[in-house]
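Coordinates in review
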Amino acid sequence: MPVRHAVLGLLAQRPRHGYELRAAFEAVVGGEENWDVKPAQIYTTLDRLEKSGLVAEESVGQDAGPEKRIYAITPAGLETLREWFADGIASEHQHDEFFIKLMVGLVSGAADPYQLIQTQRTHLYQELHAITTQRSRADPKKELAKILLLDKAGMYLEADLRWLDMTEARLDEIKRQPLPQPEAKPRGRPRKI
Amino acid sequence: MSLIHTENLTKVYGKGETAVVALDHVNMSVNPSECVAVMGPSGCGKSTLLHLLGGLDRPTEGRVMIDGSSLSTLSDNALTQIRRRKIGFVFQFFNLIPILSSVDNAALPLILDGKNSAQSRQKATEWLQKVGLSERLGNRPDQLSAGQQQRVAIARALITDPMLVLADEPTGNLDSRASDEIAALLQQVAKEWGRAVLMVTHDPRIAAYADRIVFLKDGKVVNETRLEAKNDRNREIVAGELRALAS
């Protein structure tokens, strides 16, 4: 749960109220266009964290208007945060729609697999070009979050493109060595020699 | 009008049964201010194409047209002139002279062509400044990082004011950070300085800097991809990628 831990981390910096937390989160990820978290999600998260004893509420009266709820991290919260920083995070593998398209094309014979690969390659190269262009325009001093995400997006695309090359090479291999056909078994009793 | 184009460019090595077709009727072109990447698996004919475009080898069939003249009808002498003055070369291993400073390395094509030494070195200095090496003018190659060495090589390629720059795996010997910088510089060579740039690469990251990618396979052009999507779509693509990553 990245939002949960991000909230803990921001509260470890200093106690904040919900609105402040959301603004801090947005600043950390480099803008809501990168990662949009709704206020409701922040409040639900705070509520859950409070029930688990990881944050505690400090009510502070204001001179005028309703009182603000300020949240602070508890020792248990600090421990959870420490564990999060100490552990690695499993990479996420999502179902790849192109993979299933390719396999369906291969098995059904309804599409030329080389054409599928080329179409996909064109698409990915256009995406990578767009990412590359954006990255060269971004300012590393002011837009670090954006640049890091663009680097990552570019590297994912690079990996996908390399995988397409490898897939094409594997198809070539199969083509040069036809799939072995099952041998026709002799029927009946073996002949006496 | 394209600056360089090929007409049914074919190269066959060997004869009879052992003949190998390295290039098979390739038609392609590069325009001024355009950066084109050539990609394909090893043995697809990338290097052969580059050699033929650079006049380093002669085709079996078909021809290369540079700025209106056919390379195949030229005498060896005239071909050398074109190679020296109209084409700049950038290589994977930089090919700098170890005992020469950046300025002397970059000035070399002019000096070999019999130009005035002081003027040549002045021009070399200007190009080295343009490629971001103002601080490294007097350094020898062994005092430069790999990325800086490739910058010197690019300055050397540009010093004769060539119309075409041919780059053979220009980032093949660089780490990814320096690769990006060199690819961006080659893009600048095309966009800002108006040269036609053709680079052979197998690195998707580098090819993505180009305006167009030509895919070769078994000596044939199997696909051409224009990379610049409309501006709106570019923004959409990037926003989509970032959202997908972050959430």
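This structure is a prediction, so every number in the text was calculated from the model and none was measured.

1. Points about helix H1 (residues 2-13) of chain A
Compared with an ideal rise of 1.5 Å per residue, which puts 12 residues at 16 Å, H1(A) spans 17 Å between its outermost C-alpha atoms and is within 8% of the ideal. Turning to H1(A), its buried residues number three or more, namely A:Val3, A:His5, A:Ala6, A:Val7, A:Leu8, A:Leu10 and A:Leu11.

2. Thoughts on the interface of chain B and chain A
Between chain B and chain A, the contact holds 28 residues from the first and 31 residues from the second. Summed over both sides, the interface of chain B with chain A buries roughly 2800 Å², with 59% coming from carbon and sulfur. Linking chain B with chain A are 5 salt bridges. Here B:Arg205 ties to A:Glu158 by a salt bridge, and the two come within 3.1 Å at their closest N and O atoms. Applying the counting rule to chain B against chain A returns 12 residue pairs in polar contact (both at pLDDT 80 or more). Mapped by element, the contributors of at least two residues to the side of chain B that touches chain A are helix H7 (204-207), strand E10 (212-217), strand E11 (220-226) and helix H8 (231-246) of chain B.

3. So, the nonpolar core
In this structure, A:Tyr125, B:Ile154, B:Met199 and B:Ile213 are the most contacted members of the largest nonpolar core, which totals 63 residues. Both of domain 1 (4-86 + 166-246) and domain 2 (97-161) of chain B provide at least three residues apiece to this core. Ranked by size, the runner-up nonpolar core spans 29 residues in total, among them B:Leu9, B:Leu50, B:Leu79 and B:Leu216.

4. Regarding the side chain of A:Thr80
Relative to the helices and strands, A:Thr80 is located in helix H4 (residues 75-86). If we ignore the near neighbours within four places in the chain, the residues touching A:Thr80 are A:His5, A:Leu8 and A:Leu54.

5. Some details on the pairing of strand E2 (residues 20-26) of chain B
Residue and element names in this part refer to chain B. Alignment of strand E1 (residues 4-13) against E2, held across 4 bridges, turns out to be antiparallel. Its bridge partner being in E2, Lys11 is matched across the sheet by Leu23. Taken together, E1 and the strand that follows it, E2, pair antiparallel across an intervening segment of 6 residues, in which Gly14 is found at a positive phi of about 80 degrees.

6. Some points on the environment of B:Ser70
All names here are of chain B. When you line up the elements, Ser70 lands in strand E6 (residues 69-70). According to the relative accessible area criterion, Ser70 is buried, its value standing at 7%. As for Ser70 and Pro204, which are separated by 134 residues in sequence, their C-alpha atoms are 32 Å apart. Excluding residues within four positions of it along the chain, Ser70 makes contact with Arg63, Val64 and Met65.

Thresholds, definitions, all that
Residues numbered from 1 in each chain as written. Chains lettered and ligands numbered in written order. Predicted model: local features only at pLDDT ≥ 70, side-chain atom pairs only at ≥ 80, totals over all residues. Heavy atoms only, no water. Helix = DSSP H or I, 4+ residues; strand = E, 2+ residues; numbered from the N terminus. Expected span 1.5 Å × (residues − 1). Buried < 20%, exposed > 50% of the residue type's maximum accessible area, 1.4 Å probe, protein only. Contact = heavy atoms within 4.5 Å. Buried area = accessible area lost by both parts, 1.4 Å probe. Salt bridge = Lys/Arg side-chain N within 4 Å of Asp/Glu carboxyl O. Polar contact = N/O pair within 3.5 Å; in protein donor to acceptor, adjacent residues only side chain to side chain. Core = buried A, V, L, I, M, F, W, Y, C linked by side-chain atoms within 4.5 Å. Domains from an automatic or database assignment. Pairing = 2+ DSSP bridges.

Keep in mind these numbers describe shape, not what the thing actually does.
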